[in-house]
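# Breakdown of the fold
Here is what each chain is made of, one letter per residue.
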Amino acid sequence: MMSTRHTIGAALCTLALAGVAACGTPIEVSAPGQADGPVLSIGVALDEPGMSWYHNGAYSGFSVQVAQYVAKVLGYASKQIVFRNVPIDERAQRLADGTVDLVVGSYGGQESDGAQVDYAGPYLDVSQGLLVRGHDDAARAVDGTGDLAGRTACIVQGSDSGQALRAQVSSVSVEERDTYQQCVSSLLAGESDAVAAPEPILYGLRDQGGGAYLDVLGDSYGIARFGVGVRAGQPKFVAQIDAALRQMVADGSWRQAADGLRSSVGYRVDMGDNPPKLAEAKQ
């Protein structure tokens, strides 16, 4: 749960939004078990290369950088940040039971998790897309969303990518797996014909699996928003996070993270839609 230090730190940093060096400096990822003192527990994915990826004992990626920045503005040192893997379909539960204080990631339809979760942000707006096998047999090739009619797309459980795809292709079958890596295995084994997900995640999966075997189609669809979820009923906390996100944009840290996404997995953020504009306050 959030501590007294959280409240005090947030108040101090809200007053010092102009003092970037004091509250907004990017920090290193702190792996679980290293926390020292009051902590901020952050729910993240571990299977999204480029966005939120756990590898060699540390988390990395665009969403992780956003989480780091927000935590720093809220007054937490790197050793007071604990990252925990929280699957999409467990976010509301983990926030409600206090396992995590906030979560970062794509939310799509999850913005209406009943009255359980409120979202700050978004911090990134992207399109949904499809990952397919490279050099596929012409008779089975998927060159666009329309080619999935009567075929199967794999999504991660809890994601709204399948719902968005069905809005485009009503006859597509949707297969749910626990992780994106399981979806890629399904795709390469021929059990599914595509992986549906927000485009930056697909670029990360392609980079991880190799361009000779996987392709990201240029035929995108729908919208995916990445935001920061908190337990519902905390409007001041949401406003503090939004203030931190505005600061991240203003001091150039957001653009630096976006450029890092391009250099790490080859995904170019559309600056016509980003960075998303945030309201000055939420009631």
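Data block above holds the structure.
Residues numbered from 1 in each chain as written. Predicted model: local features only at pLDDT ≥ 70, side-chain atom pairs only at ≥ 80, totals over all residues. Heavy atoms only, no water.

Below, the discussion takes up the packing of aromatic side chains. Taken as a whole, this structure holds seven aromatic pairs when the rule is applied. A network of ring pairs unites the aromatic residues Phe62, Tyr123, Phe226 and Trp254 as a single cluster. (Phe/Tyr/Trp six-rings, centres within 6.5 Å; stacked < 30°, edge-to-face > 60°.)

When you tally the buried positions in strand β8 (residues 152–156), you get four out of five residues, the bulk of the element. Bridge count for β8 against strand β9 (residues 173–177) is five bridges, and the pairing is parallel. Its bridge partner being in β9, Thr152 is matched across the sheet by Ser173. For the crossover that starts at β8, traverses helix α5 (residues 161–168) and ends in the parallel β9, the hand is right-handed. Two strands pair when backbone bridges link them, and β8 and strand β10 (residues 194–198) are joined in this way by two bridges, in the parallel orientation. Across the sheet, the residue bridging to Cys154 is Val195, located in β10. (Buried < 20%, exposed > 50% of the residue type's maximum accessible area, 1.4 Å probe, protein only. Helix = DSSP H or I, 4+ residues; strand = E, 2+ residues; numbered from the N terminus. Pairing = 2+ DSSP bridges. Right-handed = clockwise from strand over helix to strand, strands pointing away.)

This paragraph deals with the nonpolar core. Residues Ile42, Phe62, Leu102, Tyr123, Leu124, Leu131 and Ile241 are the most contacted members of the largest nonpolar core, which totals 55 residues. Counting residues in each nonpolar core, the second largest holds 14 residues, with Val132, Leu148, Leu165 and Val172 among its members. (Core = buried A, V, L, I, M, F, W, Y, C linked by side-chain atoms within 4.5 Å.)

Strand order in this open sheet of three strands is β2-β3-β4, and the pairing throughout is antiparallel. Both edges of this open sheet fall to β2 (47–48) and β4 (58–60), since each of them pairs with a single strand only. Looking at chain direction, strand β3 (residues 52–55) and β4 are connected through three bridges and run antiparallel. Following the sheet pairing, Tyr54 is matched in β4 by Tyr59.

To continue, consider the pairing of strand β1 (residues 40–44). Most of β1 is tucked away, with five of its five residues classed as buried. Residues Leu40, Ile42 and Val44 of β1 are buried on one face, and the alternating residues Ser41 and Gly43, pointing to the opposite face, are buried as well. Pairing geometry for β1 and strand β5 (residues 81–85), over five bridges, is parallel. Pairing of Ile42 across the sheet is with Phe83, part of β5. The sheet contact formed by β1 and strand β6 (residues 102–106) spans two bridges and is parallel. Bridge pairing in β6 links Ile42 to Leu102.

Here the structure, examined in full by the defined rule, presents seven salt bridges. Asp193 is the partner of Arg133 in a salt bridge, and the nearest nitrogen-oxygen pair spans 3.8 Å. Here the residue Arg133 occupies a position in strand β7 (residues 117–133), and Asp193 occupies one in the loop between α6 (180–188) and β10, the gap between them amounting to 60 residues. For the pair Arg133 and Asp193, one class covers both residues: buried. A salt bridge links Arg177 to Glu191, with the nearest nitrogen and oxygen atoms 2.9 Å apart. In this pair, Arg177 is assigned in strand β9 and Glu191 in the loop between α6 and β10, connecting sequence segments 14 residues apart. Taken together, the shared-partner salt bridges connect Glu90, Arg94 and Asp97 into one network. (Salt bridge = Lys/Arg side-chain N within 4 Å of Asp/Glu carboxyl O.)

Trans peptide bonds make up the majority, and among non-glycine residues the majority have a negative phi. Look at the link from Gly121 to Pro122: it is a cis peptide, with omega at 10 degrees. Of note, Pro122 is situated in strand β7. Note that the residue after Asn274, namely Pro275, is joined by a cis bond; omega there is -5 degrees. Position of Pro275 among the secondary structure elements: in the segment after α9 (253–265).

What follows concerns the side chain of Glu48. Looking at the element boundaries, Glu48 is found in strand β2. One buried charged residue, Glu48, remains without a salt bridge, the closest side chain of opposite sign being Arg91 at 5.8 Å. Each residue touching Glu48, except ones within four places of it in the same chain, is listed here: Trp53, Tyr180 and Ile201. (Lys, Arg positive; Asp, Glu negative; His and termini not counted. Contact = heavy atoms within 4.5 Å.)

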